[in-house]
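# Architecture and fold: a report
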Amino acid sequence: MSLACEFLLIWMIVLQTYFPFSVACLEDERSYLVDFKAGLNLSSGRSLSSWRGFNCCQWEGVACDYHTSHVIRLDLNADAYGQQLSGNVRPSLFNLEHLQHLDLSGNDFKGVSISPQLSKLRRVTFLNLSSAGFGGEVPLELGNMSSLHFLDISNNLYLNSSKFDVWVRNLRSLEFLRMESVNLEMASEHWGEAVGGLVNLTHVDLSDCGLSGIIPDLLNLTHLSHLHIPYGSFPFELPSWFENASSLVSLNLLHCDINGDIPSNFMARSKLSNLVLKYNFDLKGNLSFIRNHSSSLVVLSLSTCNLIGVIPPSIANFSKLETLDFSHNSFEGSLPPSYDNLLSLVALDLTNNQLTSQIPPSLCQLLVLRELRLGLNQLSGTIPDCIYKMSSLKALTVPFNGLRGNISLQLLENLTRLQELDLSQNQFLIDVSTSWVPQFSHLEFLGLRSCNIEGELPAFLSQQYLLMELDLSNNNIVGNLPSWLWDLPYLLLLNLSNNQFEGSLPGKISHKFWGVDLRGNRFYGSLPALDFVTTLLDLSDNEFNGSIPATIGTSTFISLSRNNLTGEIPNFIFSGSDYLVNLDLSKNKLTGIIPANFGTYSQLQVLKLAQNALQGEIPEELGSLQTLRALNLNGNRLQGIIPSSIAKCTSLRLFDLGNNKFEGSIPIWIEELIDLRILNLASNKFKDRIPPQLMTLQNLQILDLSDNNLSESIPQNLSKLSAMVDQSQSIDGRQTFSYSYGLYLFKDSLSESKVDDEITIWIKGRSTPYTKIISADKFMDLSRNNLSGNIPLEMGLLKGLISLNISKNNLSGSIPKSLGDMDQLESLDFSENKLSGEIPSQLLNLTFLEVFNLSDNMLSGLIPQGKQFSTFEASSFLGNPNLHGPPLENKTRSLGYGSKDNNKELNGTIVQDANAYVMEQWWATGLGLSYGMGFAIGGTTRREPKGEARRNPYRNSIYIPLPPRRGGGSAGEEVEAGARSARAPLPRMTPLQATVPAVCGVAARRVRPAHPRELRPAQP
């Protein structure tokens, strides 16, 4: 071609490009477009102001064929023009029969269906209706558009296709198929066969479509390079055809329920650049398969699987790798020592594994690294100084390791792009200068939990206007909260718990938070009005006083426990009742009745009103809470009978009414609470027999009916208590229920913000509040009643019990030999009954037994010798005149166990009522409840080998009672001190290590450390 011809051709192209007026559209097609425009809502947003005049080929988004003048392209996507169209898609659009390209993506047609007349556009090769607000069923007629090469109808949240396999199989020319978030749950199982017949396909994206079954064999799609089907349900192993899928470049199977091992030859013949398998929790194996892809991988994401082994050093040879995510697995060993060839790496995430060693300085060679996440491992040493000079870093997170060192935040001067910093829960001593002004001002997340920070709240935070999440919990920060804190415009999550902040809060905080956690400080005054906290509000364990505001917030989790709140609970306390999941008002001084409108909180799972001074009856309306899992009303002044409507709360796992004034018979409808784990009705006025129906609660692990007026015999059908029969940690492994406002309150910081609760159980000799520790320990306490008859033989079937207390009743007969099979027992108390006969030698099999009390019965014969019995003191057997043998031998003077005068002198010290106060606290291995944002029943490994007699190191500890508090205390304080409604509050006690023999046969341990606000000065 001559130079002149080339010049002429270029000139023609320029003319056609810059002077489109040379092409005039056809009148009928112009009228179709005008009518289409008339159906659109143009009152706001785009006006299509250029759509006027005669030449439609000059209109916005319209292109015509230069030879025929037909409209061949209509591009009205919102992304290109920045504004959305809405309204109706009129049928006139489908008369543009020469149209080849149609793009309406990004608009908002508000659920309008895709018209079947769309199929009239037989020449269309490109169709993009994504994110356009279409709804309804995808028309079958779409399959008639046989010229389609590109089809994208993704992210139309109201769109579904039950006949997907029917219409898609006809699109024989299709190369690109994207249907993300289109509902295909009702599609036939033959969808894979239909897709597999489209031999020209290169891209398939069926993300989040609700697909299930087996991943179909698509090996005959020889051009397929991208296969994305995340958020499906394919609970099988990775299919073998992947080994030979040589054309695949990108594979995304995120959250697909895949299980089994990753084969070592997985994708062996492909040149993968992107591999995403994360959130397949049961996907196992190691990293041996990645050796096949060292030269091609760009994105490798295996987060949150069940992978093990070591990270091979050869990972350093993946020269094209940009994203490496092995987080939340079980990889062990050292961090790879070298990163010489990973020069393209942008993001490295090894969070939550079992990696050891130190952080290698070679990481500093990654000059374009933006994200470095190494939290929740077992790393030691210090952070290399060169890390602080990596100016490309946007995220540095290393929480929950064993890292140490003194760190001044001034080291961060070079990290000018920093958006996310988390150094929480290491062994750092962090110095925050009050005058320091950092170079970065776009910090979005700051986590310095448990970093030994002292002084006042760092002032530099006032300049971090983009800050969204702030966690400074568990430090020693003091002072009042500055006013600028409430003015940070984007702050969503604020955790300042467990510091030494003080002062009052603003009367009203209008800032919109997701979560506010200020528990464990010294705030006082009235509660603030927080109307816009949407997820978590925790103001517990402070010194707030006064009444609860009529509206305290709209959170799903609210805790105001451990304050000094008074007055009644407002009738309409929480405006967001439809979202309230956890409500904790326990350990205050609230009075009045339980509001009946609590029954309207339809999502409520946890309700804790324990240890207040509430009166009246339980409202019938609480029976409407069908999602309720924990109801704790312990330690109030409630009375009446338990309303039968509670039987409808079939999700209950914890039901605690202890230390009240309930009366009547124990209702038999409790058997309908089939998921119940903990039932505490202790210290009330219940009478009549124990209903046998209680023994049908197969999941029950704790049963406390002590200190009532129950009579008749113990039910015989104990074998139906399956959880207590089972010796495993719980009836079906680790049982959990929880409400979570996210994996953690702050990402990567493990701020679970659980609210501690107590359940008071009379165990190992005393009323003990158990806190914080959730265990699978199983207890039964029927003591201090008027039960009679024999101990059922079936009692020996309860082999999972840790503690059994039936003391202070009128039981008679002999001790069943079958109790020797209860080899998990640590505490057994049959004292103060009328038991007779010999002590069965089978009890020698109870090698974990620490507390054993048979005193004040009518037993006779020789006390069994050896094993655990050699650790018991005489007090375990006193009050049985016909018993003999060690340890009763040579006891010429009783210490007064069971006598009227229990005041005894030991080495010159008067010990009052020693048998009541020398008791096992069992704090180190006790049971507790921590529910709300998380409530679990699990177990801890703490047993010694069976058959070894164990002596408690605190066996000789005695407790000297101090004078009672002047002026008494609130009902809540009496309960926490171990008071029962049937007796006076116990006096305060202090431990005293004595060298004299223990006064009772119980093995004493340390008492729970008192909460600071429980301490009172001793009276003279």
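Because the structure is a prediction, the values reported are computed rather than measured.

### What about the overall build of the protein?
Each helix and strand in the protein was counted, giving eight helices and 68 strands. Residues counted as buried form 56% of the 1020 residues belonging to the protein. Here the protein displays about 41100 Å² of accessible surface, and carbon together with sulfur accounts for 49% of that area.

### Some thoughts on the pattern of salt bridges
One pass over the full model with this rule turns up 15 salt bridges. Note that aspartate 108 is salt-bridged to lysine 110, the shortest N-O span being 3.1 Å. Three or more residues joined by partner-sharing salt bridges are found here, namely Asp152, Arg178, Glu180 and Asp205.

### Considering unusual backbone geometry
Of the consecutive residues proline 886 and proline 887, the connecting peptide bond is found in the cis state with omega at 10 degrees. Mapped onto the secondary structure, proline 887 falls in the loop between β62 (882-884) and β63 (904-906). One non-glycine residue, tyrosine 231, lies in the positive phi region at around 60 degrees.

### Here's the deal with the sheet that holds strand β34 (residues 522-525)
Sheet strands pair via backbone hydrogen bonds, and the direction of the pair is either parallel or antiparallel. As summarised here, the arrangement of the seven strands in space is β27-β29-β31-β34-β37-β39-β41, forming an open sheet in which the pairing is parallel. A strand with exactly one partner marks an edge of an open sheet, and here the two such strands are β27 (454-455) and β41 (589-591).

### Regarding the sheet that holds strand β20 (residues 354-356)
Reading across from one edge, β12-β14-β16-β18-β20 is the order of the five strands in this open sheet, with parallel pairing throughout. Since the sheet does not close on itself, it has two edges, and those belong to β12 (259-261) and β20, each with one partner. Taken pair by pair, the neighbouring strands of this sheet meet at an average axis angle of 10 degrees, ignoring direction. As paired elements, strand β18 (residues 330-334) and β20 share three bridges and run parallel to each other. In the strand pairing of β20, serine 334 is matched with threonine 356.

### Let's talk about a nonpolar patch on the surface
A cluster of nonpolar residues, Leu466, Met468 and Tyr490, forms a patch on the protein surface that exposes about 270 Å² of accessible area. Within the secondary structure, tyrosine 490 sits in the loop between β29 (476-479) and β30 (493-495). You can call tyrosine 490 partly exposed: its relative accessible area is 48%.

### Let's talk about the state of the cysteines
This structure, assessed with the given rule, holds three disulfides. Here cysteine 25 is linked by a disulfide to cysteine 56, with a sulfur-sulfur distance of 2.3 Å. Highlighted residues: cysteine 25 in the loop between α1 (3-18) and α2 (27-38) and cysteine 56 in the loop between α2 and β1 (62-64), separated in sequence by 31 residues. In terms of burial, cysteine 25 and cysteine 56 fall into one category: buried.

### Observations concerning the packing of aromatic side chains
Throughout the structure, instances matching the rule amount to 19 aromatic pairs. Measuring from ring centre to ring centre gives 4.4 Å for tryptophan 241 and phenylalanine 242, while their planes differ by 40 degrees; the resulting arrangement is tilted. Like phenylalanine 242, tryptophan 241 is buried. Their ring planes at 85 degrees and their centres at 5.8 Å tell us that phenylalanine 242 and phenylalanine 266 sit as a pair that is edge-to-face. Within this pair, whereas phenylalanine 242 is found in the loop between β10 (226-228) and β11 (250-252), its partner phenylalanine 266 is found in the loop between β12 and β13 (274-276), the two being separated by 24 residues in sequence. For phenylalanine 242, a relative accessible area of 0% corresponds to the buried category. Assessed through its relative accessible area of 2%, phenylalanine 266 is described here as buried.

### Here we look at the nonpolar core
Within the largest apolar cluster, 248 residues are counted, with the highest numbers of intra-cluster contacts made by Phe164 and Phe242. Secondary-structure elements contributing two or more residues to this core are α2, β1, β2 (71-75), α4 (164-168), α5 (191-196), β25 (427-431), β33 (513-517) and β36 (533-538). Contact partners of phenylalanine 164, with chain neighbours within four places excluded, come to Leu177, Met179, Leu184, Ala187, Trp191, Val195 and Leu206. The next biggest cluster of nonpolar side chains, apart from the first, holds six residues, and it includes Val606, Leu654, Ile678 and Ile702.

### Concerning the pairing of strand β39 (residues 564-568)
Pairing analysis gives two bridges linking strand β37 (residues 543-546) to β39, with the strands arranged parallel. Bridge pairing in β39 links glycine 546 to leucine 565.

### Structural notes on the side chain of serine 154
Structurally, serine 154 can be placed in the loop between β6 (150-152) and β7 (158-160). For serine 154, a relative accessible area of 0% gives the class buried. At 3.5 Å, the side chain of serine 154 and the side chain of arginine 178 are in polar contact. Among residues more than four places away in sequence, those in contact with serine 154 are Ser130, Ser131, Arg178, Met179 and Glu180.

Conventions and cut-offs
Residues numbered from 1 in each chain as written. Predicted model: local features only at pLDDT ≥ 70, side-chain atom pairs only at ≥ 80, totals over all residues. Heavy atoms only, no water. Helix = DSSP H or I, 4+ residues; strand = E, 2+ residues; numbered from the N terminus. Buried < 20%, exposed > 50% of the residue type's maximum accessible area, 1.4 Å probe, protein only. Areas by Shrake-Rupley, 256 points an atom, 1.4 Å probe, with all protein chains shown as cover. Salt bridge = Lys/Arg side-chain N within 4 Å of Asp/Glu carboxyl O. Pairing = 2+ DSSP bridges. Axes fitted to C-alpha atoms, helices over the stretch in contact; angles between N-to-C directions. Patch = residues over 30% accessible without salt bridge, like charges linked within 9 Å, V, L, I, M, F, W, Y side chains within 5 Å. Disulfide = S-S within 2.5 Å. Phe/Tyr/Trp six-rings, centres within 6.5 Å; stacked < 30°, edge-to-face > 60°. Core = buried A, V, L, I, M, F, W, Y, C linked by side-chain atoms within 4.5 Å. Contact = heavy atoms within 4.5 Å. Polar contact = N/O pair within 3.5 Å; in protein donor to acceptor, adjacent residues only side chain to side chain.

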